Amino acid sequence: MKANELKDLSVEDLATKTEELNQELFNLRFQLHTGHLENTARIPQVKKDIARVKTVLQQKQG
(Lines give C-alpha, C1' and ligand atoms only; values in the text may rest on other atoms or scores of the structure.)
Protein backbone atom coordinates (compact mmCIF):
# COMPACT_ATOMS: atom_id res chain seq x y z
CA MET A 1 0.00 0.00 0.00
CA LYS A 2 1.42 3.36 -1.01
CA ALA A 3 1.05 6.66 0.80
CA ASN A 4 -0.18 8.30 -2.41
CA GLU A 5 -3.12 5.89 -2.51
CA LEU A 6 -3.94 6.68 1.11
CA LYS A 7 -3.95 10.44 0.59
CA ASP A 8 -6.89 10.07 -1.79
CA LEU A 9 -9.04 8.39 0.89
CA SER A 10 -11.34 10.24 3.27
CA VAL A 11 -10.86 10.36 7.04
CA GLU A 12 -13.65 7.81 7.55
CA ASP A 13 -12.07 5.44 5.01
CA LEU A 14 -8.70 5.78 6.72
CA ALA A 15 -10.22 4.99 10.11
CA THR A 16 -11.90 1.92 8.62
CA LYS A 17 -8.64 0.85 7.00
CA THR A 18 -6.85 1.17 10.35
CA GLU A 19 -9.43 -1.08 12.01
CA GLU A 20 -9.13 -3.66 9.23
CA LEU A 21 -5.34 -3.71 9.46
CA ASN A 22 -5.43 -4.01 13.25
CA GLN A 23 -7.78 -6.98 12.93
CA GLU A 24 -5.49 -8.57 10.33
CA LEU A 25 -2.47 -8.06 12.62
CA PHE A 26 -4.35 -9.71 15.48
CA ASN A 27 -5.22 -12.68 13.28
CA LEU A 28 -1.63 -12.99 12.06
CA ARG A 29 -0.28 -12.95 15.62
CA PHE A 30 -2.85 -15.54 16.64
CA GLN A 31 -1.82 -17.77 13.74
CA LEU A 32 1.86 -17.28 14.65
CA HIS A 33 1.31 -18.46 18.21
CA THR A 34 -0.80 -21.42 17.19
CA GLY A 35 1.77 -22.47 14.59
CA HIS A 36 -0.42 -21.97 11.51
CA LEU A 37 1.25 -18.87 10.05
CA GLU A 38 3.03 -19.61 6.78
CA ASN A 39 4.22 -16.13 5.76
CA THR A 40 5.90 -14.55 8.80
CA ALA A 41 7.06 -11.56 6.74
CA ARG A 42 3.46 -10.35 6.57
CA ILE A 43 3.47 -9.18 10.23
CA PRO A 44 6.02 -6.35 9.83
CA GLN A 45 4.42 -5.42 6.52
CA VAL A 46 1.02 -4.95 8.19
CA LYS A 47 2.62 -2.95 11.01
CA LYS A 48 4.17 -0.59 8.47
CA ASP A 49 0.84 -0.26 6.66
CA ILE A 50 -0.84 0.66 9.96
CA ALA A 51 1.81 3.32 10.58
CA ARG A 52 1.32 4.74 7.07
CA VAL A 53 -2.43 4.95 7.50
CA LYS A 54 -2.13 6.58 10.91
CA THR A 55 0.38 9.11 9.56
CA VAL A 56 -1.89 10.16 6.69
CA LEU A 57 -4.85 10.26 9.08
CA GLN A 58 -2.95 12.62 11.43
CA GLN A 59 -1.98 14.84 8.49
CA LYS A 60 -5.60 15.14 7.38
CA GLN A 61 -6.92 15.80 10.88
CA GLY A 62 -4.36 18.34 11.98
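Residues numbered from 1 in each chain as written. Predicted model: local features only at pLDDT ≥ 70, side-chain atom pairs only at ≥ 80, totals over all residues. Heavy atoms only, no water.

A. View of the confidence of the model for the chain. Here the chain shows a mean pLDDT of 95. Residues at 70 or above account for 100%. Within the chain, helix H2 (residues 11-34) carries the highest mean pLDDT (97), whereas helix H1 (residues 3-7) carries the lowest (89). (pLDDT = per-residue confidence, 0-100. Helix = DSSP H or I, 4+ residues; strand = E, 2+ residues; numbered from the N terminus.)

B. Structural detail: the side chain of Asp49. In this fold, Asp49 is placed in helix H3 (residues 42-61). Dropping the residues within four chain positions of it, Asp49 is found in contact with Met1, Leu21 and Arg42. (Contact = heavy atoms within 4.5 Å.)

C. View of the packing of aromatic side chains. Using the criterion set out here, one finds 1 aromatic pair in the structure. Judged by centre distance (6.4 Å) and plane angle (25 degrees), the ring pair of Phe26 and Phe30 falls under stacked. Here the residue Phe26 and the residue Phe30 both occupy positions in helix H2, the gap between them amounting to 4 residues, near one helical turn. By the burial criterion, Phe26 is exposed, and Phe30 matches it. (Phe/Tyr/Trp six-rings, centres within 6.5 Å; stacked < 30°, edge-to-face > 60°. Buried < 20%, exposed > 50% of the residue type's maximum accessible area, 1.4 Å probe, protein only.)

D. Inspection of the pattern of salt bridges at higher detail. Scanning all chains against the criterion turns up 2 salt bridges. Notably, a salt bridge pairs Asp49 with Arg52, separated by 2.9 Å at the nearest N-O pair. Residue Asp49 and its partner Arg52 are both found in helix H3; the two are separated by 3 residues, about one turn of the helix. Note on Asp49: relative accessible area 6%, which makes it buried. (Salt bridge = Lys/Arg side-chain N within 4 Å of Asp/Glu carboxyl O.)

E. Region of interest: the environment of Gly35. Within the element layout of this structure, Gly35 appears in the loop between H2 and H3. When its relative accessible area of 62% is taken as the criterion, Gly35 is described as exposed. C-alpha separation for the pair Gly35 and Asp8, spaced 27 residues apart in sequence, amounts to 37 Å.

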